[in-house]
Amino acid sequence: MNTIAVESGLILAGVLFMLGLISVLVRRNIIFMLISVEIMLNAAGLAFITAGAKWVQPDGQVMFVFILTMAAAEVSVGLALILQIYHQLKTLDSDAANKMKG
Amino acid sequence: MKELLWLIPALPFIGALILILAGSRLSRSLVPVVGAGSVGLAALVTLLIGFEFLSGTRAPFEQLLWTWIEVDGFKPEVALYLDSLSLVFIFVITFVGFLIHLYSAEFMREDEGYSRFFTFLNLFVGSMLMLVLANNLVLMYLGWEGVGLCSYLLIGFWYKEEKNGYAARKAFIITRVGDTAMAIGLFMLFRTFGTLDIQAILSGAQDTWQVGSQTAVAIGLLLLGGAVGKSAQLPLQTWLPDAMAGPSPVSALIHAATMVTAGVYLIARMYAIFELAPLAQLWVGIIGALTLLISGFTALTQYDLKRILAYSTISQIGYMFLALGVGAFSSAIFHFMIHAFFKALLFLAAGAVIHLLHHEHDIFRMGGLRKKLPVIYWTFLIGAASLAALPLITGGFYSKDQILWYAYAGEKGNIWFLVAAMTGAFVTSLYTFRMVFVTFFGTEKTHVGHHAGTLMTLPLVVLAILSTLGGFIELPHTMGHVQLFSDHLSTVLPAISLKEGVESSEWIVQLIAAGLSLTGVYIAYFLYVQSPQSVERIKTSVNALHQFWFSGWGFDAVYDFLFVKPFLWMARTNKADVVDKAYDGVVVSTGYFHRGFAWTQSGIMRWYMVGIVIGTILVVTLSLIYY
Amino acid sequence: MITFYIAATVAVLATIMVITRYNMIHALLYLVVSFLAVAIVFYVLGAPFMAALEVIVYAGAIVVLIIFVIMMLNLKQEAVDQEREWLTPNVYVGPALLSIILLAELIYMISSSGTTAIREEMLDAKAVGLSLYGPYIIGVELCGILLMSGIVGAYHLGRQKKKVVHRFLELKEE
């Protein structure tokens, strides 16, 4: 049953990561950017699990737990910041937050 | 007594120092006491030391004061070297200097820069004494530059007039050209000998070089370059006529008696190099001969009293160079001494005339001063007679005659030198007495304002006596064969050797020379006193030649074209200052880079993300390539 | 084995849908689908506990959190229009190019190293737990601190201070 090549798992992780990357670069809405970052994090976690499965050790899964925790914390703080930006700038355009230019 | 040698240069420096510090606070009567007194004391010390020197063995005396620099074997000291040659020079400098200081005490009394004048004069005398007493070439160069500086300061003394500043700058820059040549000569000397001690060089020169060695010739020519600059010979003679913008005592001291003879001193002092470099010595003679002719003819056309005397100075120093060029070293020094006396006299008297006639310089607007200013007339006449080398009674005759003789009879002399010297003698006599007759004879065109006081006339009298009696210490073979002067210098300078079988023709040369000078006097008398109209006719018939000679044979125009105009053009073109633009360029390009980088900080998040991604790609690519 | 490939395909397709939606809620729903597919992949790879965690935490908590915030912002149809305006096809060109380059390099790195390996075992929760509270205990502690700081940070940053405006200016604002 488990005769899958390791490469396939890693390539899947890579493709998902790339899709998330494209999305981050393309989107102008801050919330969509956050969602794209989540996609990328998920893909990274997948890569870890695959690596752990290759060596038949739980270390990969432990790493995924940490990533998960971090993603949760990041999303909550990030959303709080997005709320603040929305209240200050009255828009969800990431280009509006450009006071640090020049 | 010899230990007091250091006082001789020190006293004028101390005088200058006092005047720098307290000059403006001293009263009008105290300033000349300090100024002239310091030089007077130096003259006194010179007298005492001179007595002791002459009554002894005349062995050279060296006094080490302190070591100036000590770097890796290069060890010039501040040391004074007294021998027969430097004794002659310090005697002339302090004595004539003192007389001129006395004269200036009255001449410059009304001037507001009274103490400044004496400061510079003292500084000058000190530097000149340093120059001749130095035992090594570095210290001599110090004195050399010092006198150049003081010359600049004194020519431009009345700095409020723009043309005086221009003349001062011209003098400084032209002599600088010569100084650079001399400096290069000093570098080469150091490279050859490892030291710049004069006696070491002179004694080591024979062992180091063959006669005619390339290095010796090069060094000789370079030193000649330095001498030419300082002594206003061809091709660097253009600064001296313009230097007459300074006060007359300055012209007397610096540009007649002392500074311009520094070149003569240099060549005489370094005689060993010139003996080993016949080509260089020949050029010394050629330059001397050419200069004396060119400036002699120019003096014939001038109408400014001081300019005539300036060109005359250039011409007489040409005689000294000619003497050095044929190997008649002691004759050159003898002529220097006599020339110092009568030229200083002429300048001081000319200064008195100009001053008393309310700053009138044009001789054609003077006249009839013979009766009005008797003392000045007689002293001027004696000086002029010496300059024209009137036979038998003047000092100038004996000194110039000796040069004429050796120009022909010396081992390195030839007939062309003699012809040039004789022509020069004739022209000298002509322009000198032209000057005398036009200034002092005839009708009075400008009235005399007031009369000169004692302080101005006393130096004139003393110098007149010296220029007459001074000649008698060296009489030629045909007239008693007194050799006091050349004997005195024989301990230092080599004696001249004559060609074969010419001794008997000495009296012919003397006769011709005497005849020429008398003829010159007579022609001048005829043209300027008896029939002035013929002068006008002659002048209009050779007008082009007259203009050419008047402009100093066109040297000023040539230099203006070759050097001054291109330099001014470059300065004008570079008004925006290319070098500054290069520095500005750094600033401007930094600004561009700044703006460029600032543009990448757009504040747009996606932009930054793209940056991160591009960076990631680069790193990954690089790691792929290198593994 | 075939489960893996089906789940992988679903995950990729769902992610592509996430990328291209204009409406935030739609995108989030597709994201949930993607996460579920990835959870199945985890199960196939022998990590059942992780599959469960993925669904519970990621799909269940994080996505829900985002949905709540979107609702709090009270975005209307204009947000969708705005997004349609911003997301034109030619925006994709540059990023797609960069990402494809990176993906190519990644695939090159993956396929050029090592040989194909075959896995066998299931690593269940017990194994993970032993590892987590054994050698990686410090990571657990740090995660705790991280979560606490996340809570505190989110609370503090999310507060809205009431803006006090002078009554004259208040009138002006209208």
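**Q** Can you explain the interface of chain B and chain A? Please cite residues and give values.
**A** On the side of chain A, 14 residues touch chain B, which itself brings 10 residues to the contact. Between chain B and chain A, roughly 1,000 Å² of surface is buried when both sides are summed, and carbon and sulfur atoms account for 66% of that area. Ranking the residues of chain B by area buried against chain A places Met605(B), Arg606(B) and Met609(B) at the top, with a combined share of 49%. Run the count over chain B and chain A and you get one salt bridge. Linking Asp95(A) and Arg606(B) is a salt bridge whose minimum nitrogen-to-oxygen distance equals 2.8 Å. No other element matches the five residues that helix H27 (residues 605–626) of chain B contributes to the side of chain B that touches chain A. Here the residues of the side of chain B that touches chain A sort into six nonpolar, three polar and one charged.

**Q** Would you mind going over the side chain of Thr457(B) in detail, with residue names and values included?
**A** Among the structural elements, Thr457(B) can be located in helix H20 (residues 454–469). Residues contacting Thr457(B), with those up to four places away along its chain left out, are Val375(B) and Ala452(B).

**Q** Help me get a handle on the interface of chain C and chain A, residues and values and all.
**A** Contacts between the two partners involve 79 residues from chain C and, on the opposite side, 67 residues from chain A. Carbon and sulfur atoms make up 78% of the surface buried where chain C meets chain A, a total of about 6,800 Å² over both sides. For the pair chain C and chain A, the number of links is one salt bridge. Between Glu83(C) and Arg27(A) there is a salt bridge, with its nearest N and O atoms 2.9 Å apart. Our enumeration of links across chain C and chain A arrives at nine residue pairs in polar contact (both at pLDDT 80 or more). Broken down by secondary-structure element, the contributors of at least two residues to the side of chain C that touches chain A are helix H1 (2–20), helix H2 (24–44), helix H3 (48–73), helix H4 (77–86), helix H5 (93–112), helix H6 (125–132) and helix H7 (137–158) of chain C. No other element matches the 12 residues that H3(C) contributes to the side of chain C that touches chain A. Here the side of chain C that touches chain A is composed, by residue class, of 57 nonpolar, 15 polar and seven charged.

**Q** I'd love a proper account of the pattern of salt bridges, names of residues and values included.
**A** Proximity of charged atoms lets side chains of opposite charge pair with each other. Residue and element names in this part refer to chain B. Applying the stated criterion across every chain, the model contains 14 salt bridges over all chains. Between Lys160 and Glu112 there is a salt bridge; the shortest N-O distance is 3.0 Å. Remark: Glu112 occurs in the loop between helix H3 (84–107) and helix H4 (114–133) and Lys160 occurs in the loop between helix H5 (137–155) and helix H6 (162–193); sequence separation between them is 48 residues. Across the pair, Glu112 and Lys160 agree in class, each one exposed. Among the salt bridges present, the one from Glu360 reaches Arg365, with a minimum N-O distance of 3.4 Å.

**Q** I'd like to hear about the nonpolar core, residue by residue, with values.
**A** Of all hydrophobic cores here, the largest spans 210 residues; its most connected members are Leu189(B) and Ile333(B). For this core, the element with the highest residue contribution is helix H15 (residues 329–356) of chain B, accounting for 21 residues. Among all residues touching Ile333(B), those that are not within four sequence positions of it are Leu85(B), Val88(B), Phe89(B), Val264(B), Ala268(B), Phe485(B), Leu489(B) and Leu493(B). One finds Leu46(A), Leu31(C), Ala51(C) and Val69(C) within the second-largest nonpolar core, a separate group that totals 67 residues.

**Q** So what's going on with the packing of helix H2 (residues 30–55) of chain A against H2(C)? Which residues, and what values?
**A** Contact geometry of H2(A) with H2(C) gives a least axis separation of 11 Å together with a crossing angle of 5 degrees. With respect to each other, H2(A) and H2(C) are oriented roughly parallel. Along its contact with H2(A), which presents Ile31(A), Phe32(A), Ile35(A), Ile39(A), Asn42(A), Gly45(A), Leu46(A) and Ile49(A), the element H2(C) presents Met24(C), Ala27(C), Leu28(C), Leu31(C), Phe35(C), Val38(C), Val41(C) and Phe42(C). Of the residues assigned to the contact of H2(A) with H2(C), the class counts are 14 nonpolar, two polar and no charged.

**Q** How would you sum up the pairing of strand S2 (residues 77–82) of chain B? Please name residues and give values.
**A** Residue and element names in this part refer to chain B. When you tally the buried positions in S2, you get six out of six residues, the bulk of the element. Covered by surrounding structure in S2 are Glu77, Ala79 and Tyr81 together with Val78, Leu80 and Leu82, the residues of both alternating faces. Sheet topology note: the strand S1 (residues 61–67)/S2 ladder contains six bridges and is antiparallel. The partner of Glu62 across the bridge, within S2, is Tyr81.

**Q** Break down the confidence of the model for chain C for me, with residues and values.
**A** When pLDDT is averaged along chain C, the result is 87; 92% of the residues meet or exceed 70. Across the interfaces of the predicted complex, the ipTM metric reaches 0.90, alongside a pTM of 0.71.

**Q** Requested: an account of the packing of helix H2 (residues 30–55) of chain B against H3(B), with residues and values cited.
**A** The packing of two helices is summarised by the inter-axis angle and the distance between the axes. Residue and element names in this part refer to chain B. Contact pair H2 / H3: the axes reach a minimum separation of 9 Å and the direction vectors enclose 155 degrees. Regarding the angle of H2 to H3, the classification is roughly antiparallel. Regarding H2 and H3, the two cross each other, and that crossing is left-handed. Within the contact between the two elements, H2 uses Pro32, Gly35, Ala36, Val39, Gly40, Ala42, Ala43, Thr46, Leu47, Gly50, Phe53 and Leu54 and H3 uses Ser84, Leu87, Ile90, Phe91, Thr94, Phe95, Gly97, Phe98, His101, Leu102 and Ala105. For the contact of H2 with H3, a count of residues per class yields 15 nonpolar, eight polar and no charged.

**Q** Account for H2(B), with residues named and values stated.
**A** Look at H2(B): 37 Å from first C-alpha to last across 26 residues, which is about the 38 Å you get at 1.5 Å a residue. If you look at H2(B), its biggest bend is around 30 degrees, right at Gly37(B).

**Q** So, the layout of surface pockets: which residues are in play, and what are the values?
**A** Residues and elements named next belong to chain B. In this structure, the largest pocket spans a volume of roughly 730 Å³. Taken together, 28 residues line the largest pocket, and the ones lying closest to its centre are Phe364, Arg434, Tyr528, Val535 and Lys539. The greatest single-element share of the lining of the largest pocket, amounting to five residues, is contributed by helix H23 (residues 532–541). For the lining of the largest pocket, the per-class residue count stands at 19 nonpolar, four polar and five charged.

Here is what the cut-offs are and how they apply
Residues numbered from 1 in each chain as written. Chains lettered and ligands numbered in written order. Predicted model: local features only at pLDDT ≥ 70, side-chain atom pairs only at ≥ 80, totals over all residues. Heavy atoms only, no water. Contact = heavy atoms within 4.5 Å. Buried area = accessible area lost by both parts, 1.4 Å probe. Salt bridge = Lys/Arg side-chain N within 4 Å of Asp/Glu carboxyl O. Helix = DSSP H or I, 4+ residues; strand = E, 2+ residues; numbered from the N terminus. Nonpolar A, V, L, I, M, F, W, Y, C, P; charged D, E, K, R; others polar. Polar contact = N/O pair within 3.5 Å; in protein donor to acceptor, adjacent residues only side chain to side chain. Buried < 20%, exposed > 50% of the residue type's maximum accessible area, 1.4 Å probe, protein only. Core = buried A, V, L, I, M, F, W, Y, C linked by side-chain atoms within 4.5 Å. Axes fitted to C-alpha atoms, helices over the stretch in contact; angles between N-to-C directions. Parallel < 35°, antiparallel > 145°, perpendicular 65-115°, else oblique. Pairing = 2+ DSSP bridges. pLDDT = per-residue confidence, 0-100. Left-handed = near helix turned anticlockwise from the far one by under 90°. Expected span 1.5 Å × (residues − 1). Bend = angle between axes of the 7 residues up to and from the residue. 1 Å grid on protein atoms, 1.4 Å probe; cavity = no way out; pocket = protein on both sides within 12 Å on 5 of 7 lines; lining within 4 Å. Points joined across faces, edges and corners; volume = space filled by probe spheres on them.

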